[in-house]
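Tertiary structure, described
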Amino acid sequence: MIDKRVASPAEAVADIPDGATVMIGGFGEAGSPIELIHALIDQGARNLTVVNNNTGSGEVGLAALIKAERVSRMICSYPRTANSTVFPELYGAGKVELDLVPQGTLAERIRAGGAGIPGFYTPTSVGTPLAEGKEHRDFDGREYVFERGLVADFTLIKCRTADPYGNLLFNKTARNFSPLMAMAGEVTIVQADEVVTAGGIDPECVVTPGIFVDRVVEVANPQQESDLVRRGVSYP
Amino acid sequence: MTAIGWTRDEMAERAARDIPDGSYVNLGIGIPELVASHVPEGRQLIYHTENGLLGMESLPEGAEGEPELINAGKKRVAAMRGAAYFHHADSFAMIRGGHLDLCVLGALQVSEKGDLANWSTGAPDAIPAVGGAMDLVAGVKRIVVITQHTTRDGEPKLVTECTYPLTAPGVVDRIYTDLAVIDVSDEGFKTVELAPGVDHAYVAERTGTHLINGIGP
């Protein structure tokens with residue numbers, strides 16, 4: 001029987017190599033897989049390209065990964081957030097590159113990548129600096145810009161409920177990019193607040209079908225970024 | 001300095017008055033957020049937040065909220081009865097696919113052709129951040145701006161050509177400032193309504209390009 005469960009975050013991220021492209025779910029702290037990110041910091045992989053909407057806050061989770069100088073390039077839409085000082089400092093010092101992508105284009109690039117679509121045309125960013133140097137094309141009298149699909153070597157996401165097949169349910173606005181990133185990751189690793197037995201999730205309600213998921217690790221009562229930041233925690 | 005014109009809440013109230021019952025609306029951060037508090041009795045608007053919720057509500061007074069129920073500004077919010085959660089690709093399909101009726105946002109500058117600049121001052125030391133602004137203005141059916149008429153230094157925000165990097169060209173339909181309601185017409189900026197105690201000449205003086213008098217003397 002297929003069983004995608006692994007014992008710990010450390011085991012789940014053990015084979016992520018230097019230079020990997022890693023998609024990390026979450027919009028701000030909602031959906032951020034803090035325990036998987038911390039396991040990745042412990043594991044030591046460097047020179048990572050990370051895809052996330054933001055750049056983390058405080059000195060935990062994604063911000064801690066960036067602070068440890070493991071990230072050489074960020075692909076994101078909004079690298080400024082309250083309590084976000086780590087990325088601005090390293091970016092200012094030239095230690096991390098930034099590839100700025102409009103949020104909807106970022107989402108669609110990830111969706112397309114996971115769906116086997118190499119690129120698409122979008123009206124977003126036409127006439128702005130973010131469209132400079134990109135292929136443009138007219139459809140029905142309106143101009144569009146060509147954007148490439150995006151895939152990753154590994155995806156790290158958080159969900160509320162998983163089963164051993166990797167079927168997933170999310171929690172409220174913590175869903176955000178995670179179902180798309182699950183599709184676009186060569187290896188998709190999920191931390192779940194709870195893992196139920198097969199049949200424990202109504203098939204009509206499955207949000208991410210298990211085929212997009214490779215590893216599931218149960219992390220009951222996951223840490224919350226804002227709580228760690230408020231307590232002044234700095235990881236590791 | 002004496003206060004002249006509409007307050008932030010009055011600007012939001014004026015904008016809210018123009019929104020038809022049953023509209024699906026995305027509100028930007030800042031004064032646009034205040035619109036939700038001023039919707040006239042008897043109208044229901046459904047609020048979209050691009051991070052995956054249709055049917056957003058503000059938190060009830062005194063409620064702490066939860067860290068995984070937030071809006072695009074990353075503030076904690078509530079979901080109405082009958083709300084829906086979805087992932088980012090669906091959320092931006094709603095935006096880019098023209099399914100939302102109205103987007104209300106702030107501006108650094110608006111040109112008389114309706115060009116909008118609201119994401120970057122282009123300063124070399126600033127970290128660029130765009131979020132969903134470019135998608136919203138490229139896709140939502142109607143785009144209106146709420147902004148102070150001038151900057152804190154008194155520079156006009158309504159201009160002939162934007163000097164800041166664009167969010168999108170030719171997208172703004174109407175502007176609500178502290179001094180007036182102004183349409184972006186085929187001929188340029190045109191007044192629709194003036195704040196109490198403000199005349200057309202006063203507004204025109206503080207506008208960085210020609211302002212057509214759409215009201216009369």
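A brief look at the structure comes next. (Residues numbered from 1 in each chain as written. Chains lettered and ligands numbered in written order. Predicted model: local features only at pLDDT ≥ 70, side-chain atom pairs only at ≥ 80, totals over all residues. Heavy atoms only, no water.)

Things to note about the overall build of chain A
Note the cut-off: To qualify as a helix, a DSSP run of H or I must reach at least 4 residues; to qualify as a strand, a run of E must reach at least 2; elements of each kind are numbered from the N terminus. Every radius of gyration here is taken over C-alpha atoms, with the globule rule written as 2.2 Å times N^0.38, N being the number of residues. Residue burial is assigned from relative accessible area. The probe radius is 1.4 Å, only protein chains are included, and a residue is buried under 20% of its type maximum, exposed over 50%, and partly exposed in between. Two residues qualify as a contact provided that any one of their heavy atoms is within 4.5 Å of a heavy atom in the partner residue. Areas reported as accessible are Shrake-Rupley estimates using a 1.4 Å probe. Residue values count occlusion only from the protein chains shown. Charged residues are defined here as Lys and Arg on the positive side and Asp and Glu on the negative side; His and the ends of the chain fall outside this count. For the purpose of locating charges, the reference atoms are NZ of Lys, CZ of Arg, CG of Asp and CD of Glu.
Helices and strands together make up the secondary structure of chain A, namely seven helices and eleven strands. A compact globule built from 236 residues should have a C-alpha radius of gyration of about 18 Å, and chain A, at 18 Å, falls within 12% of that. Considering chain A as a whole, with its 236 residues, one finds that 57% of them fall into the buried category. For chain A, restricting intrachain contacts to residue pairs at least 6 apart in sequence, the fraction spanning at least 24 positions comes to 75%. Surface accessibility of chain A: about 9,400 Å² in total, with carbon and sulfur atoms responsible for 46%. Of the side chains in chain A, 21 bear a positive and 30 a negative charge, and the two mean positions are spaced by 3 Å.

So, the sheet that holds strand β7 (residues 116-117) of chain B
All names here are of chain B. Definition in use: For two strands to count as paired, DSSP must find a minimum of two bridges between them.
Taken in spatial order, the three strands of this open sheet run β7-β6-β9, and their pairing is mixed. Across the chains shown, the open sheet's two edge strands, defined by having one partner strand only, are β7 and β9 (158-159). As paired strands, strand β6 (residues 109-111) and β7 are joined by two bridges and run antiparallel to one another. Considered in β7, the bridge of valine 110 is made with leucine 116.

Brief notes about the interface of chain A and chain B
Short version of the rule: Put simply, buried area is how much 1.4 Å-probe accessible surface two parts lose in total, over both of them, once they are put together. Every case where a carboxyl oxygen of Asp or Glu lies within 4 Å of a side-chain nitrogen of Lys or Arg is listed as a salt bridge.
Counting residues at the interface gives 46 residues for chain A and 35 residues for chain B. At the boundary of chain A with chain B, total buried surface from both sides reaches about 3,300 Å², with 64% on carbon and sulfur atoms. When residues of chain A are sorted by the area they lose upon contact with chain B, Phe27, Lys172 and Thr173 of chain A head the list and together hold 20% of the total. Our count for the chain A to chain B interface comes out at two salt bridges.

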